[in-house]
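# A look at the structure
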Amino acid sequence: MRAFTLGLILAGLVWISGCSPHGAPARDQPVSFPAPSYENLPDDSRNELRQAWESAQKSGDAPTVARFGLILLSYGQPQPAIAPLQRASELEAENFAWLYYLGVAQAEAGHPAEALETFKKSLAKKPSFVPLQLRIADALLASGHLDDAEHACLAILLAHPDAAAAHRILAGVYERSGKGEQAAEEKKLAGGPAANLPYLQDPWIEALH
């Protein structure tokens, strides 16, 4: 059932990203991905992950390869998810979803500089997507670009004053800059009641989880 659901999600993601599979290579040469970790996974999840890995090994089409990366990411294995998502984004360069998930995998695997470059490429496809703007600000902070991270957060807050996540990132910027009072103030703003704001909805990450 989970595999069927993920298949529907992937089909929807291609449509959401505005990228038609027509004109993109439907298949390429089979590629080799390292075997994933099955540790601490229940039997049905192990079978799903194993089948996804085997399918990605045999088939070079972007959705199949990306599906393997997405399952890895959903099971908390961001590092091995990078290779299949990188491959999928190469096969379908105009697909926002594959590129976005690649950046997410890079960030969660502890590669903020690489994630930042990937997110910047994603931003060219969806410049008004606020969750992506926040991920860029977070990656700037994690990469040590404090001034750029501050400017990114302030730009988001200028358009969306109730974006609590921007306050959270800004608190981190001020903490690392030695501005304790400003950091404390931003933490208060970030700790307010969570609001279900339409512009903060992230259909790609929601679909993943």
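In what follows, the structure referred to is the one given above.
These notes cover the structure that comes with them.

Thresholds applied
Residues numbered from 1 in each chain as written. Predicted model: local features only at pLDDT ≥ 70, side-chain atom pairs only at ≥ 80, totals over all residues. Heavy atoms only, no water. Core = buried A, V, L, I, M, F, W, Y, C linked by side-chain atoms within 4.5 Å. Buried < 20%, exposed > 50% of the residue type's maximum accessible area, 1.4 Å probe, protein only. Helix = DSSP H or I, 4+ residues; strand = E, 2+ residues; numbered from the N terminus. Contact = heavy atoms within 4.5 Å. Phe/Tyr/Trp six-rings, centres within 6.5 Å; stacked < 30°, edge-to-face > 60°. Lys NZ or Arg CZ within 6 Å of the ring centre and 35° of its normal. Polar contact = N/O pair within 3.5 Å; in protein donor to acceptor, adjacent residues only side chain to side chain. Axes fitted to C-alpha atoms, helices over the stretch in contact; angles between N-to-C directions. Parallel < 35°, antiparallel > 145°, perpendicular 65-115°, else oblique. Left-handed = near helix turned anticlockwise from the far one by under 90°. Nonpolar A, V, L, I, M, F, W, Y, C, P; charged D, E, K, R; others polar. Salt bridge = Lys/Arg side-chain N within 4 Å of Asp/Glu carboxyl O.

## Examining the nonpolar core
Counting 58 residues, the largest nonpolar core has L49, F68, L85, Y100, Y101 and F119 as its most contacted members. The dominant element in this core, judged by the number of residues it contributes, is helix α5 (residues 96-108), at 9 residues. Apart from residues lying up to four places away in sequence, L49 is in contact with P36, S37, Y38, L41, F68, I71, L72, Y75 and Q77.

## Side note on the packing of aromatic side chains
Counted according to the given criterion, the structure contains 6 aromatic pairs. Ring geometry for F96 against Y100: centres 5.3 Å apart, planes inclined by 15°, an arrangement best described as stacked. One end of the pair, F96, and the other, Y100, are both in helix α5, 4 residues apart, so they sit about a helical turn from each other. Taking the relative accessible area as the measure of exposure, F96 reaches 1% and is therefore buried. Residues Y100 and F129 carry aromatic rings whose centres are separated by 5.8 Å and whose planes lie at 65° to one another, so their mutual orientation is edge-to-face. Taken together, the residues span a long stretch of sequence, with Y100 in helix α5 and F129 in the loop between α6 (112-125) and α7 (130-142) at a distance of 29 residues. For Y100, a relative accessible area of 0% translates into the label buried. Pairwise contacts between aromatic rings join F96, Y100, Y101, F119 and F129 into one cluster. We note R50 situated over the ring of Y38; from NZ or CZ to the ring centre the distance is 4.6 Å.

## Things to note about the side chain of S59
Looking at the secondary structure, you find S59 in the loop between α2 (43-58) and α3 (62-74). Within polar-contact distance, the side chain of S59 engages the side chain of D61 at 2.2 Å.

## Observations regarding the packing of α6 against α7
Contact geometry for α6 and α7: axes closest at 9 Å, N-to-C directions at 155°. Comparing the axis directions of α6 and α7 gives the class roughly antiparallel. Here the hand of the crossing between α6 and α7 comes out left-handed. Across the interface between the two elements, P112, L116, F119, K120, S122 and L123 of α6 pack against L132, Q133, R135, I136, A139, L140 and A142 of α7. Taken together, the residues of the contact of α6 with α7 sort by class into 9 nonpolar, 2 polar and 2 charged.

## Quick word on the pattern of salt bridges
The full count for this structure, using the stated rule, is 5 salt bridges. Residues E117 and K120 are paired through a salt bridge, measuring 3.9 Å at the closest nitrogen-oxygen approach. Note that E117 and K120 are positioned in helix α6 at a spacing of 3 residues, about one turn of the helix. Given a relative accessible area of 44%, E117 falls into the partly exposed group.

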